[in-house]
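Structural description and commentary
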Amino acid sequence: MTPYALTTEQRVEPLGLGEPRPRLSWKLDGDRRGAAQTAYRIIAAASGTDLDDPTRLVWDSGRRDSGETLLIGWDGPALQSGTRYHWRVEVWDETGTPAGAAQTWFETGLLHPGEWTAVWIGRDRVGLPPVDPPTDEERSYPDPALAPLYLRRAFELAERPVRARLYATARGVYEPRLNGERVGDLELAPGWTEYDRRLQYQTYDITGQLRAGVNVVAAIVADGWWSGHVGFDPSRPARHYGAAPAYLAQLVLDFADGSRRVIATDGGWSEQPGGIRAADLLMGQFVDSRREPDGWDTTIGGAGFMPVAVLDHEIGPLVAEPDAPIRVTAGLPAIAVDRRGPDRVIVDFGQNLVGRVRLRIRGAEPGRRIVLRHAEVLADGELYLDNLRRAKATDVYVAAGGDEVFEPQFTFHGFRYAEISGYPGDLAAADVSARVLHNDTPWTGTFACSDPMVEQLQSNIVWGQRGNFVAVPTDCPQRDERLGWLADAQVFAPTATRNADVSAFFARWMRDVVDGQNADGAFRDVAPILVLDREGAPAWGDGGVIIPWLLWRTYGDRRTLEHSFDAMVAWVEHIRRHNPDLLWRHRTGNSYGDWLQVDAETPRDVLATAYFARSTRIVADAAEVLNRLDQAAEYRELHTRIRSAFADAYIGDDGTVEGGTQTAYLMALAFDLMPPELVDAAVDHLAADIEKRGNRLTTGFVGVPLLCPVLSEYGRSDLAYALLHQDEFPSWGYSIRHGATTIWERWDGWTEHGGFQSAAMNSFNHYSLGSIGDWLYGHVAGIGQTPGSVAYRTLLLRPRPGGNLTWARAEQDTARGRVACGWSITDDRLTVTVTVPPGSTAVLEIPTADPGSVREDDVPAADRPGVLGVEPSAAGVTLRLTSGRFTFIANPA
């Protein structure tokens, strides 16, 4: 039994940690059945070798009798800033025998505000034109006052430091540079947060880039979310965070003799506009490489640079970046380059993605203007741009001459196709590629099956997650929106946790959600709040309750639940205060309803009241977890009353639900609002609606995540599979049949009978309708956990063969270790394979009509090691398992 995947604050080897009492975790792996941790010991030291010397330890937890592996708080001495700590965990197994050890490290950032000596610097605007929103013409010939900052500072060192760190951030987005080279691989740093409450800084190890003699530290800073176009405002409105970008940085250099030198942003830096004449997240990037100052970030440059302006001595609400940064994680080659004229081509990358184009330019004469435009789909063979709305998504490069490479770094686009105009000569496919960009959350899950269309669906879901996890969980990556919508996030979050470890990503974003709550207790529709400053709608504002609870159930993240709990209570109280009859009809914000439902109209008050009940129940459960027992009792009683009010107002004696839509039934069943004696009737009504439509759905954003899970839970997996395999409109298969490589925003984004939907809102990369992914893992493959389990401590494995599938399998590297469940049917034999990580147990349901047929290695299951019990069940047979890997064979149901 071996510990692996050690993390500190849910990150692997974090550099620049800002948490003074970090939480340590590890996972366990092992083949032996019944393996379990019974004790652990954590030790920490200043170096990896010091861990072997008891006299040099900075912390020794001693042996602790516990099976826990998750988020164990640092209990050693107070951490020092800018210090690397190595830690090792040793574990003992179920026999009390030492079983294995593993080690890792973390490094603290600047833990105290007083340790910052840097000041904010920017362009000295004296004598420069005022900052106004650029016109179309100005985007082609940008005003120098709008161009990104090129900042530099030369300094001399008598010797190379033995350790050097750069702590940096921006009001805008930035790229740090040192001695002519880029520092690190982070993109669009510092990301997007509620800047008035939190501005993240990043930490870089620059030890290897410094030298004795003269060095030059530099940075380029563009508008980003701080002062660029954000959302669907037509301009840079006054309520954006600021009018122009700025930079804050601090180099901390330690030398062999124990001395330290700090070089920080101050009035000694200089600046001038460079080759990047304009850069905007939505609009694109304009580069005139003829105007790039030669060697500007090296010792030979600096001519013409002017002193910077010191903008602010107060550093503001700086925090260390707590989650995985944005990076370029992949490059995709062009699969086709289609010439459309003497100097225009359309490039197909074969995949709708989010990022930018990298273009190698060969033999261009000075001044040649090359224009790149981006689109998700084609219309009549040309780029379909109408759905971008005001986002220009256009990059321009003016060549300096010769062989050059253009890859914009301060913008991103959603696209499969790129039109390139003005390229000199023939563009070879090898000279153009797409660069995939997103928060680099670790991928932890896979799903596969025998149906290529379903596998394409899973691929579309994953690509949608990649493309929309850029700084915040966005709704779409291509048009002038790209906002952190709470409903989109909460319906997709269960699927997201299957595919990747998004624990730190969502925990960080939840701080913005909580900070956005108004004085009356209302969460908002979006976070951060830069547009749409209004009370959250039902299912939208409820994301502030649902996501912290999901992080607790999935990852055991108690801290986020604690931090969010009072805000969760305030949200429920906000609804109750304005709806004393407990039917949520007042203060419903924009009340979107079941957004983008098809051929149905779920009553908005039915949806709202159902979510009121759901949030109240979660608050009661969270209060119990946090040992706030009086509040737990209060909100359980409130939930009971809301449930009764819902039933009285909306449920008929025959099990009908007001509105009669699929989503209305799904919420009543999924949220336990249906009286028990009417459940079967309600399921029949739901099934009848699906069947009368030829096994087609009507659900929108709110109903989709409930659709297949509810059908499977209530014995209609046949219908769930019918919907999965459906390829007529509306369905997932319909978009796939017509070439989708990501999840569409709308079921009717494009149809044979209607063409494109309204360009006012028609994204082809929008993860909400991909929330079926949770069902693929949890019901088709069968990976789940029992109702009271946290972080997959007790697994509930329920593979459900069905539909056209002959096999399916999923794996998840959960917070405790690797879980796998899969099945196949061949020659009328059902084979089920499962993996349970050490320390977890499992309840496995095998669907068979012959419980006695369940065997492993030709031995009855009950007689196999690791099988704690075998019982007949409604599904067929239920086995209770220890940890380990198992393969069972049975006659299928």
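Scroll up to find the structure this text is about.
What you are looking at is a predicted structure, and each value in this text was computed from that prediction instead of being measured.

**Structural notes on the sheet that holds strand E1 (residues 2-8)**
One open sheet holds the three strands; their spatial order is E1-E3-E7, and the pairing between them is antiparallel. The open sheet terminates on both sides in strands that have one partner only, identified here as E1 and strand E7 (72-73). Relative to strand E3 (residues 23-29), E1 is paired through five bridges, and the arrangement is antiparallel. Bridge pairing links threonine 8 to leucine 24 in E3.

**Some details on unusual backbone geometry**
Cis geometry is found at the peptide bond from alanine 189 to proline 190, where omega equals 10 degrees. Examined against the element boundaries, proline 190 turns out to sit in the loop between strand E14 (181-182) and strand E15 (199-205). A cis amide bond links phenylalanine 729 to the next residue, proline 730, at an omega of -5 degrees. Looking at where proline 730 falls in the secondary structure, it is placed in the loop between helix H13 (717-725) and helix H14 (732-737). Its identity is not glycine, yet aspartate 380 carries a phi of approximately 55 degrees, on the positive side. Given the relative accessible area of 84%, aspartate 380 is considered exposed. Backbone geometry places aspartate 827, a non-glycine residue, at a positive phi of 50 degrees. Along the chain, the position of aspartate 827 falls in the loop between strand E43 (818-826) and strand E44 (829-836).

**A few points about the sheet that holds strand E40 (residues 783-785)**
Taken together, the five strands give an open sheet; going across it, the order is E40-E41-E45-E49-E48, and neighbouring strands pair in mixed fashion. Strand pairing shows two members of the sheet lacking a second neighbour, E40 and strand E48 (867-873), which therefore form its edges. Put simply, the sheet's adjacent strands are angled 20 degrees from each other on average, direction ignored. Note that strand E41 (residues 794-797) and strand E45 (residues 841-847) share four bridges and pair parallel. Across the sheet, residue leucine 797 finds its bridge partner in E45, namely leucine 844.

**A few points about the pairing of strand E34 (residues 432-439)**
Within E34, seven of the eight residues are buried, which leaves the element mostly enclosed by the surrounding structure. Note that strand E25 (residues 326-333) and E34 share seven bridges and pair antiparallel. By the bridge assignment, isoleucine 326 is partnered in E34 with asparagine 439.

**Description of the nonpolar core**
Ranked by internal contacts, the top residues of the largest apolar core, which has 221 residues, are Trp225 and Phe506. The element that contributes the greatest number of residues to this core is helix H8 (residues 604-625), accounting for twelve residues. Once you skip the residues sitting within four places of it in the chain, phenylalanine 506 turns out to touch Phe469, Pro473, Ala489, Ala493, Ala496, Ile547 and Leu551. If you look at the next biggest cluster of nonpolar residues, it comprises 29 residues, including Ala170, Tyr174, Ile206 and Val308.

**Some words on the packing of aromatic side chains**
According to the stated counting rule, one finds 40 aromatic pairs in the structure shown. Seen from their ring centres, phenylalanine 756 and phenylalanine 764 are 6.1 Å apart, and the 85 degrees between their planes marks the pair as edge-to-face. What makes phenylalanine 764 buried here is its relative accessible area of 2%. An aromatic cluster is defined as three or more aromatic residues linked by ring pairs; in this entry it consists of Phe469, Phe492, Phe505, Phe506, Trp509 and Tyr767. Here the guanidinium or amino end of arginine 84 rests over the ring plane of tryptophan 105, the centre of that ring lying 3.6 Å away. Against the face of tryptophan 120 rests arginine 171, its NZ or CZ located 4.1 Å from the ring centre.

**Overview of the environment of arginine 290**
Secondary-structure assignment places arginine 290 in the loop between strand E21 (284-288) and strand E22 (306-307). By relative accessible area, which is 49% here, arginine 290 ends up partly exposed. Linking arginine 290 and leucine 723, residues 433 residues apart in sequence, is a C-alpha distance of 57 Å. The contact partners of arginine 290, leaving out residues within four places of it in the chain, are Gly367, Val398, Ala399 and Ala400. One polar contact links arginine 290 to aspartate 288, side chain to side chain, over a distance of 2.9 Å.

**Here we look at the environment of arginine 793**
By secondary structure assignment, the location of arginine 793 is in the loop between E40 and E41. Note on arginine 793: relative accessible area 26%, which makes it partly exposed. Sequence separation of arginine 793 and valine 354 is 439 residues, and the distance between their C-alpha atoms is 36 Å. Aside from chain neighbours lying at most four places away, what touches arginine 793 is Gly67, Glu68, Gln785, Arg816, Gly839, Ser840 and Thr841.

**Observations regarding the pattern of salt bridges**
Scanning all chains against the criterion turns up 86 salt bridges. The partner of arginine 41 in a salt bridge is glutamate 90, and the shortest N-O contact between them spans 3.5 Å. With arginine 41 in strand E4 (residues 39-45) and glutamate 90 in strand E8 (residues 84-92), this pair connects stretches of sequence that are 49 residues apart. Owing to a relative accessible area of 22%, arginine 41 belongs among the partly exposed residues under this scheme. A salt bridge links arginine 368 to glutamate 365, with the shortest nitrogen-to-oxygen separation between them at 3.1 Å. For arginine 368, a relative accessible area of 22% corresponds to the partly exposed category. One salt-bridge network, in which partners are shared between bridges, spans Arg84, Glu107, Arg163, Arg165, Asp205, Asp254 and Arg260.

**Here we look at helix H12 (residues 704-713)**
For H12, a buried count of nine out of ten residues is recorded, marking the element as mostly surrounded by other parts of the structure. Turning to H12, its buried residues are Val704, Pro705, Leu706, Leu707, Cys708, Pro709, Val710, Leu711 and Ser712. Where H12 is buried, its residues touch helix H4 (486-499), helix H10 (662-670), helix H11 (679-692), H13, H14 and helix H15 (773-781). Where H12 ends, the next residue or the one after it, glycine 715, has phi of about 80 degrees, a positive value.

**Observations regarding the side chain of histidine 86**
Relative to the helices and strands, histidine 86 resides in strand E8. We classify histidine 86 as buried; its relative accessible area is 16%. Aside from chain neighbours lying at most four places away, what touches histidine 86 is Ile43, Ala44, Ala45, Ala46, Ser47, Gly48, Leu51, Thr104 and Trp105.

**Quick word on the packing of helix H3 (residues 452-468) against H15**
Remark: H3 packs on H15, axes separated minimally by 10 Å, with the N-to-C direction vectors making an angle of 130 degrees. Classified by the interaxial angle, the pair formed by H3 and H15 is oblique. Touching Val454, Leu457, Gln458 and Ile461 of H3 are Gly773, Leu776 and Tyr777, all from H15. A class-by-class count of the residues in the contact of H3 with H15 yields five nonpolar, two polar and no charged.

About the criteria used
Residues numbered from 1 in each chain as written. Predicted model: local features only at pLDDT ≥ 70, side-chain atom pairs only at ≥ 80, totals over all residues. Heavy atoms only, no water. Pairing = 2+ DSSP bridges. Helix = DSSP H or I, 4+ residues; strand = E, 2+ residues; numbered from the N terminus. Buried < 20%, exposed > 50% of the residue type's maximum accessible area, 1.4 Å probe, protein only. Axes fitted to C-alpha atoms, helices over the stretch in contact; angles between N-to-C directions. Core = buried A, V, L, I, M, F, W, Y, C linked by side-chain atoms within 4.5 Å. Contact = heavy atoms within 4.5 Å. Phe/Tyr/Trp six-rings, centres within 6.5 Å; stacked < 30°, edge-to-face > 60°. Lys NZ or Arg CZ within 6 Å of the ring centre and 35° of its normal. Polar contact = N/O pair within 3.5 Å; in protein donor to acceptor, adjacent residues only side chain to side chain. Salt bridge = Lys/Arg side-chain N within 4 Å of Asp/Glu carboxyl O. Parallel < 35°, antiparallel > 145°, perpendicular 65-115°, else oblique. Nonpolar A, V, L, I, M, F, W, Y, C, P; charged D, E, K, R; others polar.

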